[in-house]
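# Architecture and fold: a report
Below are the chains, spelled out letter by letter.
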Amino acid sequence: MAETERKYPKTAVICNRKSVESTENASDSEAEFDSPETIEAIRQVLLRHGVPAVTIEADEDLAENLKQHKIEFAFNLAEGKYGRDREAQVPGILGLLNIPYMGSDATAMGISLDKDLCKRLAASFGIRVPKGVVIRPADDACEKTEDLTYPLILKPNAEGSGRGIFDRSIAEDPAELKRLLTSCFQVYDGDMLAEEYLPGREFTVGLLGNGPEVHVFRPMEVCYHEPTEDSYYVYSYRIKKDFRNYVHYECPAKIPAECEREMMAAAREVFLALGCRDVSRVDFRMNGAGEPCFLELNPLPGLAPDYSDYPMTAESEGYSYDDIVFAVYEAALKRTRGI
Ligand SMILES: Nc1ncnc2c1ncn2[C@@H]1O[C@H](COP(=O)(O)OP(=O)(O)O)[C@@H](O)[C@H]1O
Ligand SMILES: [Mg+2]
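Reading the values: rules and limits
Residues numbered from 1 in each chain as written. Chains lettered and ligands numbered in written order. Predicted model: local features only at pLDDT ≥ 70, side-chain atom pairs only at ≥ 80, totals over all residues. Axes fitted to C-alpha atoms, helices over the stretch in contact; angles between N-to-C directions. Helix = DSSP H or I, 4+ residues; strand = E, 2+ residues; numbered from the N terminus. Parallel < 35°, antiparallel > 145°, perpendicular 65-115°, else oblique. Contact = placed C-beta atoms within 7 Å. Nonpolar A, V, L, I, M, F, W, Y, C, P; charged D, E, K, R; others polar. Buried ≥ 20, exposed ≤ 12 C-beta atoms within 10 Å, placed from the backbone. Pairing = 2+ DSSP bridges. Near = placed C-beta within 6 Å. Domains from an automatic or database assignment.

## Quick notes on the packing of helix α2 (residues 36-48) against helix α12 (residues 321-337)
The relative placement of two packed helices comes down to the angle between their axes together with the axis-to-axis distance. Packing of α2 against α12 brings their axes to within 10 Å, and their N-to-C directions diverge by 75°. In terms of orientation, α2 and α12 fall into the roughly perpendicular class. Facing α2, whose interface residues are I42, V45, L46 and R48, α12 presents D322, V325, F326 and Y329. A per-class count over the contact of α2 with α12 returns 6 nonpolar, no polar and 2 charged.

What follows is the structure, encoded as structure tokens:
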């Protein structure tokens, strides 16, 4: 096709591909990476719409490969491998090369991956968040948590996809917290976040688009069939991997209109405050009084066909998998072309 006739830019789907070993074994070290099937499903959507799309791995040769393939636009899926800034690295490289791309910039990626920082930002907008503290290896955990009410949930402060969250990541007293912390610090780099355990229902809200016109999908509930351990309900790595046996999803969630409005407004507010772009998903959980609390914002939500939460939230509004992936792409194209 002649250059002048081409409607879409040459596009790279940039990803961290899950290895076969990690798909098959129980380790969560590649929890956030995408499966080869998901990456190919996204590329196929783009191809069906006439987008010249190739897949490029987010590794140390990324910049070189982008130049070699003469990439003009990117669909960024890369979660990154190293450090708290790992989700910001590919956006940073794309910015450096002046290649427009689908997804949030390095700043939004960096802040959102730090759960505590992101909660503080949300709280500054009057959004309800669970009380919590960051705990570092050298800290006295008892002292740090003395203002919190047990039970507490303990999670890595800068991970995602359930990584580092177990069915029993719950401490009922300081002694249990200390035991949990010791085992977590052996496995996960970085700080841990201890939060008051919210016993209520769980929801996620998808967003599509940009700026004040961003579209907020109605909340989807994660409905547990039974407690995941003891009397607790935790969307842990194990449950996320084997979700069909433990949860089902209801979208739109059956909740009072006021509660729905509050969650959608909160999701929109944090999305805009961080300057997120094109696509995001925000997780909530209710406290004991049935009020929704913000847990985290995911600017890189999973886009697996069949099981990722984000496409499911869009499905209830009539989007097929193909529709939602392409809508995300088009939102980015529209934003970067200024139309
Ligand atoms: N404060 C909390 N109270 C109760 N459950 C929580 C709390 N924080 C996290 N969880 C549970 O752990 C899951 C994963 O936590 P989240 O912060 O969303 O991390 P991830 O990035 O791994 O999805 C949540 O979906 C929820 O089930
Ligand atoms: Mg989550």
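## A look at the pairing of strand β8 (residues 192-196)
Of all 5 residues in β8, 4 are buried; the element is thus mostly enclosed. Pairing between strand β5 (residues 132-135) and β8: 4 bridges, direction antiparallel. Across the sheet, residue V134 finds its bridge partner in β8, namely L193. Sheet topology note: the strand β6 (residues 152-156)/β8 ladder contains 5 bridges and is antiparallel. Bridging from a neighbouring strand, L152 pairs with E196 of β8.

## Side note on the site of ligand 1
Around ligand 1 sit 18 residues in total, of which P130, G160, E195, L198 and Y235 are the nearest. Going through the elements one at a time, β6, β13 (278-286) and β14 (292-298) are the ones with two or more residues in the shell around ligand 1. Here the shell around ligand 1 is composed, by residue class, of 8 nonpolar, 3 polar and 7 charged. Mapping the shell around ligand 1 onto the domain boundaries places at least three of its residues in each of domain 2 (111-128 + 198-337) and domain 3 (132-196).

## As for the packing of helix α4 (residues 86-96) against helix α5 (residues 106-113)
The geometry of α4 relative to α5 is characterised by a closest axis approach of 8 Å and an angle of 175° between their N-to-C directions. Between α4 and α5, the angle is such that the two are roughly antiparallel. Across the interface between the two elements, E87, A88, P91, G92 and G95 from α4 touch A106, M109, G110 and L113 from α5. In terms of residue class, the contact of α4 with α5 is made up of 5 nonpolar, 3 polar and 1 charged.

## Digging into the domain arrangement of the protein
Here the protein is partitioned into domain 1 (3-103), domain 2 (111-128 + 198-337) and domain 3 (132-196). With 15 residues of domain 2 in contact, the opposing surface of domain 3 contributes 16 residues. When residues of the side of domain 2 that touches domain 3 are traced back to their parent elements, those giving at least two are α6 (115-124) and α9 (237-241). With 3 residues, α9 is the largest single contributor of residues to the side of domain 2 that touches domain 3.

## Concerning the environment of V134
Mapped onto the elements of the fold, V134 is located in strand β5. V134 sits in the partly exposed class, given 17 other C-beta atoms within 10 Å. Residues V134 and P156 lie 22 residues apart in sequence; the distance between their C-alpha atoms is 9.2 Å. Ignoring anything within four residues of it in the chain, the contact list for V134 reads D116, N157, D191 and L193.

## So, the sheet that holds strand β2 (residues 53-57)
Across the sheet, 4 strands lie side by side as β2-β1-β3-β4; this open sheet has parallel pairing. The open sheet is flanked by β2 and β4 (101-102), the only strands paired with a single partner. Across 2 bridges, the pairing between strand β3 (residues 73-76) and β4 is parallel. Bridge pairing in β4 places F75 opposite M102. Across the sheet, α4 touches β1 (11-15), β3 and β4, and the angle it forms with β3 is around 175°.

## Re unusual backbone geometry
Among all residues save glycine, negative phi is the norm, and among peptide bonds the norm is trans. With an omega dihedral of 5°, the bond running from Y150 to P151 counts as a cis peptide bond. Although it is not a glycine, N98 adopts a positive phi angle of roughly 60°. For N98, the location among the structural elements is in the loop between α4 and β4. On the basis of neighbour counts, which here come to 6 C-beta atoms within 10 Å, the residue N98 falls in the exposed class.

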